[in-house]
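Coordinate analysis (summary)
The residues making up each chain are set out below.
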Amino acid sequence: MPVAGGDLRIRPDVEVANLSDVGCQREGNEDYFLYVEPQADDEFQRRGRLILVADGMGGRNGGDVASRLAAETVRDVFVRAGEADDPRSVLIAGFQAAHRAILDLAAQAPDLRGMGTTCCAAILKRGQMHYAHVGDSRIYLIRGGQAQALTEDHSLVARMVRNGSLSAEEAETHADRNVLTAALGIDSESVAGDFSVEPCQLMPGDVILLCTDGLHGLVSGREMAGAAAGPSLTHACRDLVALAKDRGGPDNITVQLLSIQAVEI
């Protein structure tokens, strides 16, 4: 079951909302979301806050297990981070640990073999955001009424768009648009994810949006920005999920929104 994770206190410098829905055609929810903000001020100064969304795959037996295991493993690495650990290295270590945990569990349980998950995550600390992703879950920065995707999908059609063999418009309806080229748990020694080299400098009024393809496959960036400008992030989450479901909602739909009220230095 998706959660806002454990050691939680939401300080007044941000607003956070999240929602996950099974969609219109699936029987179970293989998505997972997690938000962690340390209660103790000294821990918060040392670690910042973590926000994450994952979309499991592997069918009824494995998808929900993989997404939850990945999210909780990244969380555990984040919680154990030391004073000298910068956010980017924490995300790299978290993704690597999650990748290995999924592979190890799948090797022990035959009914879980082949499971994997997408994952996108961000650590916000002292006015900066470091982020990471693998697969086709996305992170958007909404600023000045415009939504910018900070991540590029690890998918077959995204690769075809990048090499010029497919247009962005054709990719939206391509038969292989859900075929991933990288995910946590895919049999490989290392994670083929992307990690931000330079942090994103945050400003008051910025909104960070993390979502699975069940949302961004049906809802445009313009519509995301419009919803984020509404009366509250809770309303925005409901409106965005409802919009995806109105358009068929063939997949699970998960969205997390975080609004920057003030930038902590």
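Structural data are supplied above this passage.
The rules behind the values
- Each residue is numbered by its place in its chain's sequence as written, counting from 1.
- Local features in a predicted model are, by the rule used here, given only for residues with pLDDT of at least 70; side-chain atom pairs are given and counted only at 80 or more, and totals for whole chains, interfaces and linings are based on all residues.
- Working from all heavy atoms in the structure, the side-chain values ignore hydrogens and water.
- Side-chain rings of Phe, Tyr and Trp, where Trp is taken by its six-membered ring, are said to pair if the distance between their centres is within 6.5 Å; with planes under 30 degrees apart they count as stacked, over 60 as edge-to-face, and otherwise as tilted.
- Numbering goes from the N terminus for both helices and strands, where a helix is a DSSP run of H or I of at least four residues and a strand is a run of E of at least two.
- For every residue, the accessible area (1.4 Å probe, protein chains only) is compared with the maximum for its type, and the residue is labelled buried under 20%, exposed over 50%, or partly exposed between those bounds.
- Criterion for a charge above a ring: Lys NZ or Arg CZ within 6 Å of the ring centre, and within 35 degrees of the ring normal.
- In this description, strands pair whenever DSSP reports at least two bridges between them.
- Helix axes are fitted to C-alpha atoms over the stretch in contact, other axes to C-alpha atoms as well, and angles between N-to-C directions run from 0 to 180 degrees.
- We call two residues contacting when some pair of their heavy atoms lies within 4.5 Å.

**Details of the packing of aromatic side chains**
A complete count under the given rule lists one aromatic pair for this structure. Geometrically, the ring pair formed by F95 and F195 is edge-to-face, given 5.5 Å between the ring centres and 70° between the ring planes. One end of the pair, F95, is in helix α3 (residues 87-108); the other, F195, is in strand β8 (residues 194-195), and 100 residues separate them in sequence. In this structure F195 comes out as buried when scored by relative accessible area, which is 16%. Stacked on the ring of F44, the Lys or Arg R11 has its end atom at 4.1 Å from the ring centre.

**Concerning unusual backbone geometry**
The phi angle at R126 is positive, at roughly 50°, despite the residue not being glycine. The topology assignment puts R126 in the loop between β4 (116-125) and β5 (128-134). Under the relative-accessibility criterion, R126 is labelled partly exposed at 45%.

**Remarks on the sheet that holds strand β1 (residues 14-21)**
Strand order across the open sheet formed by five strands is β1-β11-β10-β6-β7, with antiparallel pairing between neighbours. With one partner strand each, in any of the chains shown, β1 and β7 (146-149) form the two edges of the open sheet. Between one strand and the next, the sheet's axes are offset by a mean angle of 20°, whatever the strand orientation. Relative to strand β10 (residues 207-211), strand β6 (residues 138-143) is paired through five bridges, and the arrangement is antiparallel. Counterpart to R138 in the pairing with β10 is C211. Contacts from helix α7 (residues 221-228) reach β6, β7 and β10 within the one sheet, and its direction differs from that of β6 by about 60°.

By themselves, these figures tell us nothing about what the structure is for.
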